[in-house]
Amino acid sequence: VDVTSNGAFISMILKPAAGNGEYTAFLFDRFGNKLFEISTEEELKGMEITRNADFATLYSSGRMQVYRITDGERIGSASSRNSIIHAMYDTQENMIVALGGSVNGYRVTNPSVTVVHIGQRQIASEEINNQLNTLSSDDIRLVKEGSQHYKVQNLDRSVQIRTSF
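Residues numbered from 1 in each chain as written. Predicted model: local features only at pLDDT ≥ 70, side-chain atom pairs only at ≥ 80, totals over all residues. Heavy atoms only, no water.

### Focus: the packing of aromatic side chains
Phase 1 of the analysis: All chains considered together, the criterion is met by three aromatic pairs.
Phase 2 of the analysis: Ring centres 5.8 Å apart and planes at 20 degrees place the aromatic pair Phe26 and Phe28 in the stacked group.
Phase 3 of the analysis: With relative accessibility at 12%, the residue Phe26 sits in the buried group.
Phase 4 of the analysis: We classify Phe28 as buried; its relative accessible area is 18%.
Phase 5 of the analysis: On the basis of an interplanar angle of 45 degrees and a centroid distance of 6.1 Å, the ring pair of Phe36 and Tyr67 is categorised as tilted. Within this pair, whereas Phe36 is found in strand 4 (residues 34-40), its partner Tyr67 is found in strand 7 (residues 63-68), the two being separated by 31 residues in sequence.
Phase 6 of the analysis: With relative accessibility at 5%, the residue Phe36 sits in the buried group.
Phase 7 of the analysis: In this structure Tyr67 comes out as buried when scored by relative accessible area, which is 9%. (Phe/Tyr/Trp six-rings, centres within 6.5 Å; stacked < 30°, edge-to-face > 60°. Buried < 20%, exposed > 50% of the residue type's maximum accessible area, 1.4 Å probe, protein only. Helix = DSSP H or I, 4+ residues; strand = E, 2+ residues; numbered from the N terminus.)

### Looking at the sheet that holds strand 14 (residues 141-146)
Sheet strands associate in pairs through backbone hydrogen bonding, adopting either a parallel or an antiparallel arrangement.
Phase 1 of the analysis: In spatial order, the strands read 14-15-16; together these three strands make up an open sheet with antiparallel pairing. Looking at the sheet topology across the chains shown, the edges are occupied by strand 14 and strand 16 (159-162). The mean angle between the axes of side-by-side strands here comes to 30 degrees, regardless of whether they run parallel or antiparallel.
Phase 2 of the analysis: Here strand 14 pairs with strand 15 (residues 149-153) via five bridges, running antiparallel. The residue bridging Gly146 from the neighbouring strand is His149, located in strand 15. (Pairing = 2+ DSSP bridges. Axes fitted to C-alpha atoms, helices over the stretch in contact; angles between N-to-C directions.)

### Notes on the side chain of Thr40
Phase 1 of the analysis: Note on placement: Thr40 falls in strand 4.
Phase 2 of the analysis: Judged by its relative accessible area of 18%, Thr40 is buried.
Phase 3 of the analysis: Only 3.2 Å separates the side chain of Thr40 from the backbone nitrogen of Glu42, close enough to count as a polar contact.
Phase 4 of the analysis: Setting aside residues up to four positions removed in sequence, Thr40 forms contacts with Glu22 and Tyr23. (Polar contact = N/O pair within 3.5 Å; in protein donor to acceptor, adjacent residues only side chain to side chain. Contact = heavy atoms within 4.5 Å.)

In structure tokens, the structure reads:
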């Protein structure tokens, strides 16, 4: 369960019982009205909501997908060689930005960044040649700093992402 920073929206992912079946992602407003629901057999790891709750980014270990909340239409998707730790959709740039790697305890091993420009159908991926640490992988966030410039929050060191498509 996750609550947006402004407290207006609540997202949750329900895992199937006994490890088989579908994962279901939900988005509710602060009054409990269901705004979005989608089920998939992929093992969902997280869901990131855009600031105005116009789009939802769902990510599993190797796939990220963006859906429009109002009608459930999939806007774009991409696969990643690395397991995805966190992903977000930038509505202004029409790009998905993802931090990949594996989290073992406090350590993020084999970290990488993947950026997908949905409109241009281009993808760029780069490994991060430093070991990263976090107190909790659930707290890792990607935030937009400027045009095609992003920052990964809640790591032991600053990770800046700059793109040019």
